[in-house]
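# Close look at the chain arrangement
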Amino acid sequence: MQEETLLTLLTYEYQSIVSISGPLIFVEGVAAGSLGEMVEVCLSTGEKRRGQILQILEGLAVVQVLEGTSGIDTQASKIILKGETAKIGVSLDMLGRFFNGLGEPIDGLSEIIPEERLDINGLPINPVARDKPTHFIQTGISTIDGLATLVRGQKLPIFSGAGLPANEIASQIVRQAKVRGTHPKDGSGEEFSIVFGAMGITSREAFFFKNAFEESGAVERTVAFINMAEDPAIERLFTPRCALTAAEYLAFEKGHHVLVILSDMTNYCEALREIGSAREEIPGRRGYPGYMYTDLAAIYERAGRIKGKKGSVTLIPILTMPDDDITHPIADLSGYITEGQIVLSRPLFRKGIYPPVDVLPSLSRLMNLGIGKEKTQDYHRGAADQLYSAYAKGRDTRKLAAIIGEEGLTDMDKRYLKFADEFENVFVGQGDVDRSIDDTLNIGWRLLSMLPKSELIRIKEEFVERYYRNTDERLEVRG
């Protein structure tokens, strides 16, 4: 009896909805609620919907309704405070499963039995507790592994454009990614898992991802959270947080090395702008909320390594740059927060080169921590610098040739022009092939051998003498 009385005292109901704006309802007289608390919206028809308190100011609460506000009667509907924030149940049974953006199963299988329920609004890792990223993650893509290396605990976004194959690259990384020298089934004891979060994708894209995961066999080590384009926009704000909560559980409680792929952060930011507009907030750049930088940082900074913990969370957010504009607020702010970027190129895509990664604006600020002797190769840094330099010269020569014609070029200019073409066709354009880092670097040496030894000034002489093999033959390499 005493427990029932206590439960009654802790249950707060309000039937004081004053207005509705888009996905938001405004409720007066809310004194007991707290920011981020979940609520239940009870309609006059008996239907119940979930919501979350976004703001409370002088008793007026702003509640976002996850299933939309259509059909809500301001006079007869009421809200019930749940007394807790948004949580998802987590366990190792999540591996191999598909969930919606709120963490509910959508694969037709039963609910998981959670080991615990965790708040999805996790905190960024304390800088004092952060451990330095030091280990290389092999994606199987030469332009990433060789020139913009991904390191455990890093945040490395992919900047795409409308129509570019970012989704195909994401599925290829999911299929091929592995910790250097380890594999989930090689008996090494290193558990490697994938957490995939999709926001605002179409049914065709959802089918593509499910098919890709299942056909590759990577589904057994993958947890997927999928928010469809027809789902409420508000659900997109929950999806990356659910994905990162699952990743943190696998990494820091179960010792897995987790790679998190979030696609598409542009859809997430559009949902953020929609909510900001409904709240009548003063807009920032291009109509996005002024706090978008803080919001993105709260997501991105949950990736990393923690001192004393075996696991790690590595994050690859994918975003579509509107009009291919890298200065757009979403790309601009993401670039400030993260440790580099992989930029996709529309001109390369039009040439039929896949994956169309433009290596010149791409970089990994933590690359030096994950490469070198006993990690990749001791000459990796020098070879990467030389490939980058030679390709940059070849691109400049290509522009010059367009003005004065190839007959006006020197013999060395023509070598660099040929190098740029071969680099794009052979090194960048690997197709849907999984390359080891050793294969990537060997192909790099074959390309560098097209140039005279005297041009290889960024590599130590001992490595040039050991690996240089002069050749003028056309390289046809795909694996």
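Above this text sits the structure in question.
This write-up is about the structure you can find in this document. (Residues numbered from 1 in each chain as written. Predicted model: local features only at pLDDT ≥ 70, side-chain atom pairs only at ≥ 80, totals over all residues. Heavy atoms only, no water.)

### Describing the overall build of the protein chain
When helices and strands are counted, the protein chain shows 14 helices and 22 strands. Its C-alpha atoms give the protein chain a radius of gyration of 25 Å, within 12% of the compact-globule value 23 Å for 479 residues. Counting every position in the protein chain, which comprises 479 residues, the buried fraction comes to 55%. Here the analysis covers contacts within the protein chain between residues at least 6 apart in sequence; of these, 73% occur between residues at least 24 apart. With 54 positive and 68 negative side-chain charges, the protein chain shows a spacing of 6 Å between the two charge centroids. (Helix = DSSP H or I, 4+ residues; strand = E, 2+ residues; numbered from the N terminus. Rg over C-alpha atoms; globule rule 2.2 N^0.38 Å. Buried < 20%, exposed > 50% of the residue type's maximum accessible area, 1.4 Å probe, protein only. Contact = heavy atoms within 4.5 Å. Lys, Arg positive; Asp, Glu negative; His and termini not counted. Charge placed at Lys NZ, Arg CZ, Asp CG, Glu CD.)

### Overview of the packing of aromatic side chains
Summed over all chains, the structure comprises 13 aromatic pairs. With a centroid separation of 6.0 Å and 25 degrees between ring planes, the pair formed by F419 and F423 is classed as stacked. Taken together, the residues F419 and F423, both in helix α12 (residues 411-428) and four residues apart, mark about one turn of the helix. The two residues F419 and F423 agree in class, both being buried. Aromatic side chains W445 and Y467 sit 5.4 Å apart centroid to centroid with 25 degrees between the ring planes, which places their arrangement in the stacked category. Here W445 is found in helix α13 (residues 437-448), whereas its partner Y467 is found in helix α14 (residues 461-467), with 22 residues between them in sequence. (Phe/Tyr/Trp six-rings, centres within 6.5 Å; stacked < 30°, edge-to-face > 60°.)

### Let's talk about the sheet that holds strand β1 (residues 12-14)
Think of a sheet as strands paired side by side through backbone hydrogen bonds, with each pair either parallel or antiparallel. Reading across the sheet, the seven strands line up as β1-β7-β4-β5-β6-β3-β2 and stay open at both edges, with antiparallel pairing between neighbours. Each edge of the open sheet carries a strand with a single partner, namely β1 and β2 (17-21). Strand-to-strand, the axes of this sheet are offset by a mean angle of 30 degrees, without reference to chain direction. Across four bridges, the pairing between β2 and strand β3 (residues 24-27) is antiparallel. Note that in β3 the partner of I17 across the bridge is V27. (Pairing = 2+ DSSP bridges. Axes fitted to C-alpha atoms, helices over the stretch in contact; angles between N-to-C directions.)

### Looking at the environment of K87
Relative to the helices and strands, K87 resides in strand β8 (residues 87-90). Exposure remark for K87: the relative accessible area of 35% places this residue in the partly exposed category. Sequence separation between K87 and D119 is 32 residues; the distance between their C-alpha atoms is 4.3 Å. Sequence-distant contacts of K87, defined by excluding residues within four places in its chain, comprise R117, L118, D119 and I120.

### Describing the layout of surface pockets
In this structure, the largest pocket occupies an estimated 570 Å³ of space. Contributions of two or more residues to the lining of the largest pocket are made by β5 (48-57), α5 (235-253), α6 (265-278) and α7 (292-300). Each residue belonging to the lining of the largest pocket can be placed in one class, and the counts come to 11 nonpolar, six polar and four charged. The computed volume of the second largest pocket comes to approximately 480 Å³. Around the second largest pocket sit 25 residues that line it, and R50, K87, L102, E104 and R117 are the ones nearest its centre. When grouped by side-chain class, the residues that make up the lining of the second largest pocket number 14 nonpolar, three polar and eight charged. (1 Å grid on protein atoms, 1.4 Å probe; cavity = no way out; pocket = protein on both sides within 12 Å on 5 of 7 lines; lining within 4 Å. Points joined across faces, edges and corners; volume = space filled by probe spheres on them. Nonpolar A, V, L, I, M, F, W, Y, C, P; charged D, E, K, R; others polar.)

### Here we look at the sheet that holds strand β15 (residues 178-179)
Pairing is antiparallel in the open sheet, where three strands are placed in the order β13-β12-β15. The open sheet has two edge strands with one neighbour each: β13 (150-151) and β15. With two bridges joining them, strand β12 (residues 136-138) and β13 adopt antiparallel strand pairing. Each residue of the ladder has a partner; that of F136, found in β13, is V151.

### Some points on the environment of V433
Secondary-structure assignment places V433 in the loop between α12 and α13. V433 sits in the partly exposed class, given a relative accessible area of 25%. When the C-alpha atoms of V433 and Q172 are compared, they prove to be 8.8 Å apart, with 261 residues separating the residues in sequence.

### What to know about the nonpolar core
Among the nonpolar cores identified, the biggest contains 61 residues, and V195, F225, V260, M265, Y268 and L296 are the most heavily contacted of them. With 11 residues, the single largest contributor to this core is α5. Leave out the neighbours within four places in its chain, and F225 touches M94, F99, N100, G103, V195, F196, G197, A198, T239, C242, A243 and A246. In this structure, L150, L156, I169 and L344 belong to the second largest nonpolar core, which totals 37 residues. (Core = buried A, V, L, I, M, F, W, Y, C linked by side-chain atoms within 4.5 Å.)

### Thoughts on α6
For α6, built from 14 residues, the straight-helix expectation of 20 Å at 1.5 Å per residue is met to within 8% by its first-to-last C-alpha distance of 20 Å. Restricting attention to buried positions, one finds in α6 the residues M265, T266, Y268, C269, A271, L272, I275, G276 and A278. For α6, the side-chain oxygen to backbone nitrogen distance between the N-cap and T266 is 2.8 Å, and the N-cap itself is D264. Downstream of α6 by a residue or two, E280 has a phi angle that is positive, lying close to 60 degrees. (Expected span 1.5 Å × (residues − 1). Polar contact = N/O pair within 3.5 Å; in protein donor to acceptor, adjacent residues only side chain to side chain.)

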